[in-house]
Each structure stands twice: as C-alpha cells, then as structure tokens.
Amino acid sequence: MAERVIPLIDQRIAALASAVPTHAIPTTGLLSDALGRPLRDLRISVTDRCNFRCSYCMPKEVFDTDHQYLPHSDLLTFEEITRVARQFVAHGVRKIRLTGGEPLLRKNIEVLIGQLAALRTPDGDALDITLTTNGSLLARKAQALKAAGLQRVTVSLDGLDDAVFRGMNDVDFPVAEVLKGIEAARRAGLGPIKVNMVVKRGTNEHEILPMARHFKGTDVVARFIEYMDVGATNGWRMDEVLPSAEVIELIGSQLPLVQLSRSAAGETAQRWGYADGSGEIGVISSVTQAFCGDCNRARLSTEGRLYLCLFATQGHDLRSLIRGGAGDDQLASAIGHIWQGRSDRYSQLRSSLAPDSTAGAKRVEMSYIGG
Ligand code: SF4
C-alpha cells in the first residue's frame, strides 16, 4: 500500500478577521445565505481534546503524544458561548448541537447546557439542545446531562465486535463501556438516541448487519455514515467509501426496509423504517448523495471561529469581537453579514467533480469543529 502522506497544516492558525458591518443586520429570525438557505442549526465545539484516536477523524500518527491542544485561555468561556449562541438564536437557530473533540471532556459542561437550555427563540420557544459523544463517559454523566436540560444524545459507535471497535478508536477502549453509556442515556430519557457508525470499506462493513440487528426493535436509531474526506489528515480514498445505496441493499436483503420521509428540513440522514414496524435506521451520504441544497448548519469552534461548512478551509474569528468590546447588536450584525455571504456546497461540488477551491490539505479538521 502506498505510503500515506499527511500534510501538517495547523488549521487553528488560519482565521478571517470579522468586522462589524457598516450597516446593521437586524435579527429577524429569517436570515438566509447566498443560496437562500436559512440559519437553523448551530454546532458548537466545546473542546479540541478527545480520548479516542479514530483514524477517520483524529489519526494517532498525527494527533500523537506531542500534539499541542489549545490552551484553556483560548477557549470561549461558557458565558461567551452562551452570549454568541444568543445572537445565532435571534437570527433563526432552533437547534444547538454540542460537539468537540469529545464534549464530555469539557469540565462542568452541565453548566453550559443549563445556560443554553434557558435561551428562547424570538417566538419564546425552547431550543432543541443535543450532543454528540463517543460514549466513553456517558454512563457516568447521563443523568446530570438530562437534569441540566440536554434533550438528546447521538453516540458514535463504529462496531459491536470488541476487537473491531478497539481498532477503530485506536486507544483500545472497550465497546461494552459505550453500550453501557447508551443504556444509561436511555434510562435518563435522553432519547430518541441516534447511534452513528462511520463505514469504512475494508475495515468495518461486516459490522453493518450486526449493528442493525442489535438496535432493531428498540427506540435507538442506527445510522450509517459514508466515510468522508474531512480535514487533511485521514488519508481518505474513494475506494474506502461504501456507498449508502449498498448499505441499504445489504440490510434490506435480510431485514426488509421502507423509505421514510425526512423529519425536518436540512436533516442530514435519509430515513428507512423496518417493514415490520420495529424501528428505523438512517444513512448519511455526504459523498454519493450530497445534501448541501438545504444545509442550514453553522459551526463554532472551541475558540470562537465560525465555519460555514464541514469542509471549510477558513473560519471567521468571532472571539476578537466578543473580547474586543463589541455589543450584542454588533456581534449579531457580524454573524449576519458572514452568513449572508455563505455559498459553501463542498459535497455537491465534490460529487459533480467540479473543480473545487480547496486543495485537500487546507480543510479544517473534524476533530476541531465537530461532525
Ligand atoms: S458539505 Fe458543507 S454545505 Fe454541504 S452539507 Fe456538508 S456542511 Fe453543508
């Protein structure tokens, strides 16, 4: 196999300065980007740290023992996160997803969840507060997360076979602990729980059917994610992608499926129900069936950079505004201005083989802005 070349580009250095636009952009809750897509979903990375080394996200040979994490003083405080989130909500955000790295590594995250859960939309509605975790700390934390105001969790689980799972997380972490975490989250009422499995051809596709069977008949939704060319370090190759169409065919050949309609605009997953009514699965097909057309997601990195696409090459620095004395209206205007100029649609470009502006090495790391 050809030697894998890993360009080390510290994405954290490259950031666009954010300016307060000369004309104020009011918060109407109806903000749209240059392609007419509303701002509805904010993903907030609360840490760049993770205790796993999944090869498709944070490969050990790059994020090794010498890897320098961001100093704590660089991270947005909970108060700063809540303040900037409030502006996004005023612009139309209805759902906040906490990510990382591994978000449960951020100390006292329940405090942040409590602050975010207190936010209200311009119509006075509560937000949908969710979190994506590798499940390693979930068994211990599920009750406290629920009590703080978290509504749902999504757990990454790349296999049920213990050896496969330990190989995928590359830190020898046992699958049983994550399954315990999922059970604790169910008992705590953090459902419906979604379980995300990244499928890498030649590595774990034989785990697809066991995963489907394991959660069939429960309220847990297993979702199968196409392996993506995120970031610049995972050595992505197209021949390691198993298209979702093949996943559906494989599962459907044993467990008959019917296609379901999407539950919300901008939803990334295609939903399939078991024909016997015993639950559903999902597939997320960024490589073979791009869904940029109604992508309504913004991403905030742990030190306050706004990214407009999972495959972005640069972020917009909001922290300088936050710590530089900008008022809430100015912050909201800056966010509005950035979103209005958004035309990102990397996956669409990728699949249509149109030349894209990113030369692989410059893409932001998923471990830094969350999936
Ligand atoms: S590639 Fe970018 S624009 Fe397309 S769906 Fe993903 S995050 Fe949205």
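Structural data are supplied above this passage.
First, a word on what this report is: a plain description of the structure on this page. (Residues numbered from 1 in each chain as written. Predicted model: local features only at pLDDT ≥ 70, side-chain atom pairs only at ≥ 80, totals over all residues. Heavy atoms only, no water.)

### Re helix 7 (residues 244–254)
Our working rule: Exposure categories follow from relative accessible area, calculated using a 1.4 Å probe and restricted to protein chains: below 20% of the type maximum is buried, above 50% is exposed, and the middle band is partly exposed. Comment: elements are numbered from the N terminus, with helices defined as DSSP H or I runs of at least four residues and strands as E runs of at least two. Of all possible arcs, the one meant is that of the directions from the helix axis to the C-beta atoms. Here a residue-residue contact requires only that any non-hydrogen atoms of the pair lie within 4.5 Å.
For helix 7, the full list of buried residues reads Ser244, Val247, Ile248 and Ile251. Projected down its long axis, helix 7 shows its buried positions confined to an angular sector of 95 degrees, all on one face. Away from its buried face by more than 90 degrees, helix 7 exposes Glu249 and Ser253. On its buried face, helix 7 sits against helix 6 (208–215), strand 7 (221–226), strand 8 (257–260), strand 9 (270–274) and strand 10 (280–284).

### Focus: the packing of aromatic side chains
This is how the line gets drawn: Classification of ring pairs uses Phe, Tyr and Trp, with its six-membered ring standing for Trp, and accepts pairs whose centres are within 6.5 Å; under 30 degrees between planes counts as stacked, over 60 as edge-to-face, and the remaining range as tilted.
With the rule as written, the count across this model stands at 4 aromatic pairs. Relative to Phe165, the ring of Phe52 lies with its centre 6.1 Å away and its plane at 75 degrees, an arrangement referred to as edge-to-face. A residue pair is termed long-range when its members are at least 10 positions apart, and Phe52 in the loop between strand 2 (41–45) and helix 1 (78–90) and Phe165 in helix 4 (residues 162–169) qualify at 113 residues. Here the aromatic cluster, defined as three or more aromatic residues joined through ring pairs, consists of Phe52, Phe165 and Phe173.

### Structural notes on the site of the ligand
Cut-off, in case you're wondering: Here a residue is near a molecule or strand as soon as one of its heavy atoms is found within 4 Å of it. Three classes are used, and their members are as follows: Ala, Val, Leu, Ile, Met, Phe, Trp, Tyr, Cys and Pro are nonpolar, Asp, Glu, Lys and Arg are charged, and the others, Gly among them, are polar.
For the ligand, the full set of nearby residues is Phe291, Cys292, Cys295, Arg297, Arg299, Cys309, Leu310, Phe311, Arg342, Asp344, Arg345 and Ser347. Per-class residue counts for the shell around the ligand are 6 nonpolar, 1 polar and 5 charged.

### Observations concerning the side chain of Arg37
Under the convention used in this document: Polar contact is the term for a pair of N or O atoms within 3.5 Å; when the atoms are in protein, one must be able to donate a hydrogen and the other to accept it, and sequence-neighboring residues count only if both atoms are side-chain atoms.
When you line up the elements, Arg37 lands in the loop between strand 1 (15–17) and strand 2. Judged by relative accessible area, Arg37 falls into the buried class, the value being 3%. Within the structure, the side chain of Arg37 is placed 2.8 Å from the backbone oxygen of Asp344, a separation counted as a polar contact. With sequence-adjacent residues up to four places away left out, Arg37 is seen in contact with Leu31, Ser32, Cys292, Gly293, Asp294, Cys295, Trp339, Arg342, Ser343, Asp344 and Arg345.

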